[in-house]
Amino acid sequence: MKILAIESSCDETAAAVVEDGRKVISSVIASQVEEHKLYGGVVPEIASRRHAEAIVPVVRQALDEAEVTLENIDAIAVTYAPGLIGALLVGVNFAKGLSLSTGIPLVPTHHLRSHIASNYISNAELKPPFMCLVVSGGHSHIVMVEDYTKMKIIGRTRDDAAGEAFDKAARTMGMSYPGGIELDKVAEKGDPFAFKLPRPVVHDAPYDFSFSGLKTAVINLIHNAAQKGEELKKPDICASFRYAVVDCLSSNFLKAAKDYNVNKLVIAGGVSANSLLRSTLKNECDKLGYKFYMPDKSLCGDNAAMVGSQGYYEFLSGNVAGTDLNAYATMSIE
Ligand code: KG4
Ligand code: ZN
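Predicted model only: the values in this text are computed from it and were never measured.

The number of helices and strands found in the protein chain is ten helices and ten strands. Principal axes of the C-alpha set define a box for the protein chain whose edges measure 65 × 45 × 30 Å. Residues classed as buried in the protein chain amount to 53% of the 334 residues present. Here the analysis covers contacts within the protein chain between residues at least 6 apart in sequence; of these, 73% occur between residues at least 24 apart. Element-wise, carbon and sulfur atoms account for 51% of the exposed surface of the protein chain, whose accessible area totals about 14300 Å². One finds the centroid of the 33 positive side-chain charges in the protein chain at a distance of 5 Å from the centroid of its 39 negative side-chain charges.

Structure representation (structure tokens):
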């Protein structure tokens, strides 16, 4: 079964053709990031306008590269939540129009579920149940994936998402948006023990995260040094901060796995591209005898291939929308 998938939740307009949830036939991503860099973050109105311009050529290119026409498409999967509402509406309305004019069923797909599904593309043998750490620019969750379309949140951030904390720390060091990627690279040359940063815990919620205190600590460290005219080594700040974030993420995740008796762990979302997070969890899981899966780095960020994968399982579970489908800025993954 071939699915045409459409993603427009943030600053990437993307379309893909995916077969049976696992085989990517084509995947096209038009990123707006260079434009948003000028403003230090995503400007929602600009994002919507760029999606409106890009959606037709991106979908056409995805069909062309897959060497198919709409006649060969069995379902249209589209990200309908969560995300920037004006951005989501472009993809949703386009998909609705396409579905209405062709009669092809429309499958509403949750963005974070799609991030998890990127793992089905990268890891052929992976099947639920498993526990997944979903870490992106807007969310940080520990999710029990009981089945392809049945999820339970075990832990979540109480304030900033991990990606957001990375981006804000990076911005304080003069790196351009989204700074998480550059911070990760610069950290490779630094000493993770150079600065002692806090490991905030949430009382009575051992699997929840809190990154705002950690973010403030690193920002204060940088500002205080600047006031005193001291020059701190950027690689050391990056390495210490990255180590602190990864330590919080991996220790809660491993604790949740142990307490819930789960030995199959998965990571997903933009921050799952972080090299320290990947190596730390791989090593820890090897030591514990757990199975560990991660998406290919090319599938960690926003893309439509993952929407085509999750959309397949949503379709199989009977999740088909009518023409009254709406978009939602927030929606639980459950
Ligand atoms: O999943 P994603 O592409 O978009 C959302 O759904 O939010 O995640 C984007 C986030 C950004 O905050 C970006 O800085 C972060 O993922 N990110 C990273 C890395 N690559 C992307 N953070 C840390 N290390 C990385 N290598
Ligand atoms: Zn995302």
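Here the narrative resumes.
As enumerated under the stated definition, the model contains 15 salt bridges in all. Residue E53 pairs with R50 through a salt bridge whose shortest N-O separation is 3.1 Å. Of this pair, E53 and R50 are both found in helix α2 (residues 44-65), three residues apart, which corresponds to roughly one turn of the helix. Here E53 falls in the exposed class, since its relative accessible area comes to 53%. Classification of R50 as partly exposed rests on a relative accessible area of 25%. For K282, the salt bridge is made with D286, and the minimal N-O distance between the two is 2.9 Å. Of this pair, K282 and D286 both sit in helix α9 (residues 275-288), four residues apart, which is roughly one turn of the helix. Look at K282 and you get partly exposed, because its relative accessible area is 35%. Judged by its relative accessible area of 47%, D286 is partly exposed. Three or more residues are tied together by salt bridges with common partners; here these are E35, R50 and E53.

Perfect tetrahedral coordination of a metal by four donors corresponds to 109.5 degrees between them, and perfect octahedral coordination by six donors corresponds to 90 or 180 degrees. Here the zinc ion (ligand 2) is held by the protein donor atoms H111 (NE2), H115 (NE2) and D302 (OD), which lie 2.0 to 2.1 Å from it. Site description for the zinc ion (ligand 2): donor spacing in sequence, H-x3-H-x186-D. Taken as a pair, H115 in helix α4 (residues 111-122) and D302 in the loop between β10 (291-293) and α10 (305-316) lie far apart in primary sequence, 187 residues in all. In this pair, the class of H115 matches that of D302, namely buried.

Rules used in this analysis
Residues numbered from 1 in each chain as written. Chains lettered and ligands numbered in written order. Predicted model: local features only at pLDDT ≥ 70, side-chain atom pairs only at ≥ 80, totals over all residues. Heavy atoms only, no water. Helix = DSSP H or I, 4+ residues; strand = E, 2+ residues; numbered from the N terminus. Buried < 20%, exposed > 50% of the residue type's maximum accessible area, 1.4 Å probe, protein only. Contact = heavy atoms within 4.5 Å. Areas by Shrake-Rupley, 256 points an atom, 1.4 Å probe, with all protein chains shown as cover. Lys, Arg positive; Asp, Glu negative; His and termini not counted. Charge placed at Lys NZ, Arg CZ, Asp CG, Glu CD. Salt bridge = Lys/Arg side-chain N within 4 Å of Asp/Glu carboxyl O. Donors = N, O, S within 2.8 Å, 3.2 Å for Na, K, Ca; no water.

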